[in-house]
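# Overview (structure and organization)
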Amino acid sequence: MDSDLIVFSGNSNEGLAREICDHLNIPLGKLEISRFSNDNLFVQIGESVREKDVFVVQSFTEPVSDHVLELMIVLDALRSASARRITAVIPYFSYSRSDKKDAPRISIAARLMADLLKTAGANRVLTMDLHADSVHGFFSVPVDHLTAIPLLCDYFKQRLDPGRTVVVATDAGGAKRAGRFARLLEAPLAIIDKRRLGDTDVTQGLVVGDVRGRDAIVIDDEISTGSTMGTTVETLYAAGARSIYIGVTHPVLCGPSIDNLRGLTIEQIVVTNTVSVPEEKQLNSLTVLSVAGLFAETIMRIHTGESVGALFT
Ligand code: R5P
């Protein structure tokens, strides 16, 4: 057991943090998070972190603002307690969707979050499947950007015949991610033309590529409200797909997502545990793969100064 390495958890996904600690064979770091009567957050680190290499696991899940602020205050407390190096481990960085100024008078909030994390005390960031790769560059501290694509691909490789499969990107922005999956699976790629009309309103058309008679695996970074998947499934059946599977890294599953997904004719939805899925959202079609081993391996390599490059391929 390495006593120089400590992993702490915020309240968003303690299950994943505990699993990571099990892989590393260390106990979860002691941390108290509570609220004063005026609703202000109170954080106290429960053990010495002086000159330690510390990692804090916190996904930006609902209630997002609470979880973001919780992480900021934990980072600040660790810095005040003289930790040697602090890594913010953010398996799901929700603000990566706010990555460009595509409407007047809006904030590129992903950039703001990156600045705030550094200000709060993060010396490094470890994250997974950002909505856009460019968000990586918003940080002025080192970022290790993992992907669940190989994990998802291994799962489907064991169950489907690549010769009868087509990998589908739900929009042009997701083509690179889906293309990587298709290369690993050695299957063809199709791309859907998606137009987002609002938060829960999307239209899709024209499939680039041939899905007729094939088992389609739809690859995306996240399922949020499920609107994208709803129209994707319609579009694919209309284009002649034989059956539909979904492979997504982050099961955000907010708003009407569960009703939207229940209504779909699909074989399976495969996600990871970057976001914890509560009991009431556990659909029969849902399979959750764990990314704990990958995060643990990366944390150990960061800690020992080994290259993490091999884990990104
Ligand atoms: C957006 O472009 C993303 O890649 C996902 O397709 C999107 O976040 C899914 O959101 P929803 O489930 O609300 O359609």
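None of these values were measured; they are calculated from a predicted model.

About the thresholds
Throughout this document, residue positions are counted from 1 along each chain, in the order its sequence is written. The predicted origin of the model limits local features to residues at a pLDDT of at least 70 and limits the giving and counting of side-chain atom pairs to 80 or more, whereas totals for whole chains, interfaces and linings rest on all residues. Processing note: side-chain calculations cover all non-hydrogen atoms of the structure and skip hydrogens and water entirely. Only DSSP runs of H or I covering at least 4 residues are called helices, and only runs of E covering at least 2 are called strands; the numbering of each starts at the N terminus. Here the globule rule is a power law, 2.2 Å times the number of residues to the power 0.38, and the radius of gyration is based on C-alpha atoms. Using a 1.4 Å probe on the protein chains alone, a residue whose accessible area is under 20% of its type maximum counts as buried, one over 50% counts as exposed, and one in between counts as partly exposed. We call two residues in contact when some of their heavy atoms are within 4.5 Å. Using the Shrake-Rupley algorithm and a 1.4 Å probe, accessible areas are obtained, with residue cover drawn only from the displayed protein chains. The term salt bridge refers to a pairing of a side-chain nitrogen on Lys or Arg with a carboxyl oxygen on Asp or Glu at a separation within 4 Å. For this purpose, a residue is taken to be near a molecule or strand whenever a single non-hydrogen atom of the residue falls within 4 Å of it. Think of a polar contact as two N or O atoms within 3.5 Å of one another; within protein, one of them needs to be a possible hydrogen donor and the other a possible acceptor, and neighboring residues in sequence only count if both atoms come from side chains. Charged residues are taken to be Asp, Glu, Lys and Arg, nonpolar residues to be Ala, Val, Leu, Ile, Met, Phe, Trp, Tyr, Cys and Pro, and polar residues to be all remaining types, Gly included. For two strands to count as paired, DSSP must find a minimum of two bridges between them. Ring pairs shown here join Phe, Tyr and Trp side chains whose ring centres sit within 6.5 Å, with only the six-membered ring taken for Trp; geometry is labelled stacked below 30 degrees between planes, edge-to-face above 60, and tilted in between. Either the NZ atom of lysine or the CZ atom of arginine qualifies as a charge over a ring when it sits within 6 Å of the ring centre and within 35 degrees of the ring normal. As used here, the arc is the angular range of directions from the helix axis to the C-beta atoms. For our purposes a nonpolar core is just a set of buried Ala, Val, Leu, Ile, Met, Phe, Trp, Tyr and Cys residues, chained together by side-chain atoms within 4.5 Å.

## Some words on the overall build of the protein chain
- When its secondary structure is counted, the protein chain shows 8 helices and 14 strands.
- Over its C-alpha trace the protein chain gives a radius of gyration of 20 Å, about what one expects of a compact globule, namely 20 Å for 313 residues.
- The buried share of the protein chain, taken over its 313 residues, is 54%.
- In the protein chain, of all internal contacts separated by at least 6 residues, the share reaching a separation of at least 24 is 63%.
- Summed over its atoms, the accessible surface of the protein chain is roughly 13,900 Å², and 48% of this surface lies on carbon and sulfur atoms.

## Some remarks on the pattern of salt bridges
- A full pass over the atoms with the stated rule returns 15 salt bridges.
- Between Lys-176 and Asp-133 there is a salt bridge, with its nearest N and O atoms 3.0 Å apart. Placement of Lys-176 in helix α5 (residues 175–185) and of Asp-133 in the loop between β6 (124–128) and β7 (143–146) is noted, with a sequence separation of 43 residues between them.
- Its relative accessible area of 61% is what places Lys-176 among the exposed residues.

## Concerning the site of the ligand
- Near the ligand you find 14 residues, and of these Asp-220, Asp-221, Thr-225, Gly-226 and Thr-228 are the closest.
- Taking Glu-222, its side chain carries an N or O atom lying 3.2 Å from an oxygen atom of the ligand.
- Gly-226 is positioned such that a nitrogen or oxygen atom in its backbone is 2.8 Å from an oxygen atom of the ligand.
- Protein chains bury 95% of the 380 Å² of accessible surface belonging to the ligand in isolation.
- Elements with a minimum of two residues in the shell around the ligand: β9 (189–198), β11 (215–223) and α6 (227–238).
- Broken down by element, the residue count for the shell around the ligand peaks at 4 residues, all from β11.
- Of the residues that constitute the shell around the ligand, the class distribution is 1 nonpolar, 6 polar and 7 charged.

## What to know about the pairing of strand β8 (residues 165–169)
- Buried residues dominate β8, accounting for 5 of its 5 residues.
- Burial along β8 is two-sided: Thr-165, Val-167 and Ala-169 facing one way and Val-166 and Val-168 facing the other are all buried.
- Pairing geometry for β8 and β11, over 5 bridges, is parallel. Opposite Val-168, over in β11, you have Val-218 as the bridge partner.

## Observations regarding the packing of aromatic side chains
- This structure, assessed with the given rule, holds 6 aromatic pairs.
- Ring centres 5.4 Å apart and planes at 75 degrees place the aromatic pair Phe-36 and Phe-42 in the edge-to-face group.
- Residue Phe-42 is classed as partly exposed on the basis of its relative accessible area, which comes to 26%.
- With 6.1 Å between their ring centres and 70 degrees between their planes, Phe-156 and Phe-181 make a pair best called edge-to-face. A residue pair is termed long-range when its members are at least 10 positions apart, and Phe-156 in helix α4 (residues 149–157) and Phe-181 in helix α5 qualify at 25 residues.
- Owing to a relative accessible area of 1%, Phe-156 belongs among the buried residues under this scheme.
- Phe-181 gets classed as buried once you look at its relative accessible area, which sits at 0%.
- An aromatic cluster of at least three residues, connected via ring pairs, comprises Tyr-155, Phe-156, Phe-181 and Tyr-245.
- If you follow Arg-159 out to its NZ or CZ, it ends over the ring of Tyr-155, 3.7 Å from the centre.

## Looking at helix α1 (residues 14–24)
- Of the residues making up α1, those classed as buried are Leu-16, Ala-17, Ile-20, Cys-21 and Leu-24. Considered in projection along α1, the buried side chains sweep an arc of 140 degrees and stay on one side of the axis. Across from the buried face of α1, at angles greater than 90 degrees, the exposed residues are Asp-22 and His-23.
- Those residues of α1 that are buried lie in contact with β1 (5–9), β4 (53–57) and α8 (292–304).
- Positive phi shows up at Asn-25, right after α1, with a value of about 60 degrees.

## Notes on the nonpolar core
- By size, the foremost hydrophobic cluster in this structure holds 34 residues, and its most contacted members are Leu-75, Leu-78, Phe-93, Leu-117 and Phe-139.
- Among the elements that take part in this core, helix α2 (residues 64–80) stands out by supplying 7 residues, more than any other.
- Beyond its immediate stretch of four places on either side in the chain, Leu-75 contacts Val-56, Ile-86, Ala-88, Leu-117, Ala-120, Gly-121 and Ala-122.
- Among the nonpolar cores identified, the runner-up in size contains 26 residues, and Val-218, Leu-253, Leu-264 and Ile-266 belong to it.

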